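# Commentary on secondary and tertiary structure
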Amino acid sequence: MAVGNKKPTFLSMDLGTANTLVYIAGQGIVYNEPSIVAYRIKENKIIAVGNEAYKMIGKGNKTIRVVRPMVDGVITDIRATEAQLRYIFTKLRISKQLKSSIMLLACPSVITELEKAALKKIAENLGADQVFVEEEVKMAALGGGVNIYAPTGNLIVDMGGGTTDIAVLASGDIVLSKSIKVAGNYLNDECQKFIRSQYGLEIGSKTAESIKVNVGSLTKYPDERRMKVYGRDVVSGLPREIEITPEEVREVLKVPVSRIIDLTVQVLEDTPPELAGDIFRNGITICGGGALVRGIDKYFADTLQLPTKIGEQPLLAVINGTKKFESEI
């Protein structure tokens, strides 16, 4: 424990598939960058993390390997995860603050007990005295403005980068939850596949994400405009430009989002009757990066006939939830 009467530092992390965020009590969010690590293969040495590593996607060379430590909500490389966290803390110059700290890790619901134990071990190796692991969807609800401690049912859809978690919460905890590997990155992949099959154009994952962000929607919106897309022609191998419409992208995105809605229906079917009544009144709250797709709340509301709203600061919902959860530890 901390020496004397000095209060230990509270530190929390959102270990997302798309982004990693770090919060320190008294300082706020000190780190918010993509969950990406770039290695120099020969020395197996980290040369970049976060934004700098993101710039290297699709533009590296044979000497550099760019990896995501977490894919589809699953830790694919535990060593890369530890190396990433060490690199982040060294960069932030907060290694001293880690000593005897209380650390809260927010993780996807699909990670195993073994992975949770491995993450706890990493946090302890970094100097944390006490380590807590909580599910992202619970933190997202708290950070998204939902009173999870009330004895009333709330339905949360947390659309991250790798997974979408759907959960019913009441009286401070998760009553039931389900997860699906259809989320932000999957939507990008679908855009990529569509451009290849429809236009014979090969594009990278960053361009696909740009399409989703700039013209992606699930309902019509004002001032819809076409978007120019650049890539490599599948047949000739030469660079080429095309124009796509918001309507095309809308039809592409509706298919995977409908799968998320189907899973939401399954969760509702398994929900105890009293809580189902609460959800009918309270509606659905959508958090995570997926909440930023235009018209997703209206699409959910029209399909499920339930009031649907976007949570407060959806991209920061999980890390904001960990701040609020500090008082519970």
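So, here's what we can say about the structure. Just so we're clear, the structure is a prediction, and the values are computed from it rather than from any experiment.

## Re the overall build of the protein chain
A count of helical and extended segments in the protein chain gives 11 helices and 18 strands. Computed over its C-alpha atoms, the radius of gyration of the protein chain comes to 21 Å, within 12% of the 20 Å expected for a compact globule of 329 residues. With respect to the three principal axes, the spread of C-alpha positions in the protein chain is 70 × 60 × 35 Å. Looking at the protein chain as a whole, 49% of its 329 residues are labelled buried. Excluding contacts between residues fewer than 6 apart, the proportion of contacts in the protein chain whose partners are at least 24 apart in sequence is 63%. One way to put it: in the protein chain the 41 positive side-chain charges average out to a point 8 Å from where the 39 negative ones average out.

## Quick look at helix α7 (residues 205–215)
Among all positions in α7, only Ala208, Ile211, Lys212 and Val215 are buried. Along the long axis of α7, the arc covered by the buried residues comes to 115°, so they all point the same way. Buried-residue contacts for α7 involve α6 (184–199), β15 (227–233), β16 (239–244) and α8 (246–270).

## Overview of the nonpolar core
Val157, Ile195, Ile211, Ile244, Ile260, Ile284 and Phe300 are the most contacted members of the largest nonpolar core, which totals 43 residues. The greatest single-element share of this core, amounting to eight residues, is contributed by α8. Among all residues touching Phe300, those that are not within four sequence positions of it are Val157, Val257, Ile260, Ile261, Thr264, Ile284, Ile286, Gln305 and Thr308. Grouped together as the second largest cluster of nonpolar side chains are 30 residues, Leu15, Val67, Ala80 and Val131 included.

## Some remarks on the pattern of salt bridges
Under the criterion given, the structure shown has 15 salt bridges. The salt bridge partner of Glu113 is Lys116, with a shortest N-O separation of 3.8 Å. Taken as a pair, Glu113 and Lys116 lie in helix α4 (residues 113–125) at a separation of three residues, close to a single helical turn. Assessed through its relative accessible area of 22%, Lys116 is described here as partly exposed.

The rules behind these values
- Residues numbered from 1 in each chain as written.
- Predicted model: local features only at pLDDT ≥ 70, side-chain atom pairs only at ≥ 80, totals over all residues.
- Heavy atoms only, no water.
- Helix = DSSP H or I, 4+ residues; strand = E, 2+ residues; numbered from the N terminus.
- Rg over C-alpha atoms; globule rule 2.2 N^0.38 Å.
- Buried < 20%, exposed > 50% of the residue type's maximum accessible area, 1.4 Å probe, protein only.
- Contact = heavy atoms within 4.5 Å.
- Lys, Arg positive; Asp, Glu negative; His and termini not counted.
- Charge placed at Lys NZ, Arg CZ, Asp CG, Glu CD.
- Arc of directions from axis to C-beta.
- Core = buried A, V, L, I, M, F, W, Y, C linked by side-chain atoms within 4.5 Å.
- Salt bridge = Lys/Arg side-chain N within 4 Å of Asp/Glu carboxyl O.

Scope: geometric values only; no functional claims are made or implied.
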